[in-house]
Amino acid sequence: MAERQATIASSSGLHARPAKLFVQAVQEKKIPVTIAVEGGPDLNAGSILSLMGLGASNGTVVTLKAEGEGSEQALDELVALLETDLDAVE
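Every residue gets a number counted from 1 within its own chain, in the order that chain's sequence is written. A pLDDT threshold of at least 70 governs which residues receive local features in this predicted model, and a stricter bar of 80 or more applies before side-chain atom pairs are shown or counted, although totals over entire chains, interfaces and linings include all residues. No hydrogens and no water enter the side-chain calculation; it runs on all heavy atoms of the structure.

## Observations regarding the overall build of the chain
So, point 1. The helix count covers DSSP runs of H or I at least four residues long, the strand count covers runs of E at least two residues long, and both are numbered beginning at the N terminus. Along its length, the chain carries three helices and four strands.
So, point 2. For the chain, the succession of helices and strands along the chain, N to C, is β-α-β-β-α-β-α.
So, point 3. For the radius of gyration, the atom set is restricted to C-alpha positions; the globular benchmark scales as 2.2 Å times the number of residues to the power 0.38. In terms of C-alpha radius of gyration, the chain reaches 11 Å, essentially the compact-globule figure of 12 Å for 90 residues.
So, point 4. The principal-axis extent of the C-alpha atoms belonging to the chain is close to 30 × 30 × 20 Å.
So, point 5. Any residue under 20% of the maximum accessible area for its type is buried, any over 50% is exposed, and the rest in between are partly exposed; the area is computed with a 1.4 Å probe on protein chains only. For the chain, the proportion of its 90 residues judged to be buried stands at 39%.
So, point 6. Should any heavy atoms of two residues lie within 4.5 Å, those residues are counted as being in contact. The contacts of the chain with a sequence gap of at least 6 include a subset with a gap of at least 24, amounting to 73%.
So, point 7. Roughly 4,900 Å² of accessible area belongs to the chain as shown, and the carbon and sulfur atoms make up 50% of that amount.
So, point 8. Neither His nor the chain ends is counted toward charge; the positive residues are Lys and Arg and the negative residues Asp and Glu. Charge positions are represented by NZ for Lys, CZ for Arg, CG for Asp and CD for Glu. If the 6 positive side-chain charges of the chain are averaged to one point and the 13 negative ones to another, these points end up 6 Å apart. Exposure was quantified through the Shrake-Rupley algorithm and a 1.4 Å probe, taking into account, for residues, occlusion by the shown protein chains and nothing else.

So, in structure tokens, the structure goes:
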């Protein structure tokens, strides 16, 4: 299992457009990925409802976990995405 931490950079956190962009990226990886805030449960990172319920705002540190072939690279790419201001992405 691969694990990475990321700090949310989007000004609105993982809500609305940033959540949608992140869910799309997770689904493209075609491997199971979970996301959690410190002390919270691991949630399905490919579910818009899970992300909206996570309550991750700007500056929140989250932990991503994935299993399977390509999980290390997938998590590296997802961390880079979270650490980008997705509110500003065209």
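Here the narrative resumes, following the displayed structure.
## Observations regarding the pattern of salt bridges
So, point 1. The working definition used for a salt bridge is a side-chain nitrogen of Lys or Arg within 4 Å of a carboxyl oxygen of Asp or Glu. Applying the stated criterion across every chain yields a total of four salt bridges.
So, point 2. Measuring nitrogen to oxygen at the nearest pair gives 2.5 Å for the salt bridge that ties Arg4 to Glu72. Of this pair, Arg4 sits in strand 1 (residues 2–7) while Glu72 sits in helix 3 (residues 71–82); the two residues are 68 residues apart in sequence, bridging distant segments of the chain.
So, point 3. Assessed through its relative accessible area of 22%, Arg4 is described here as partly exposed.
So, point 4. Accessibility expressed as a relative area gives 43% for Glu72, which makes it partly exposed.
So, point 5. Note that Lys65 is salt-bridged to Asp42, the shortest N-O span being 3.3 Å. With Lys65 in strand 4 (residues 61–66) and Asp42 in the loop between strand 2 (33–37) and strand 3 (43–44), this residue pair connects regions lying 23 residues apart in the sequence.

## What about the sheet that holds strand 4?
Where strands meet in a sheet, backbone hydrogen bonds hold them as pairs that are either parallel or antiparallel.
So, point 1. By definition, two strands form a pair when at least two bridges between them are found by DSSP. Spatial strand order, 1-4-2-3: four strands in an open sheet with antiparallel pairing. Here the strands that pair on one side only, and so sit at the sheet edges, are strand 1 and strand 3.
So, point 2. Against the sheet, helix 3 touches strand 1, strand 2 and strand 4, its axis set at about 5° to strand 1. Axis definition: a line fit to C-alpha positions, over the contact stretch in the case of helices; interaxial angles, taken between N-to-C directions, run 0 to 180 degrees.

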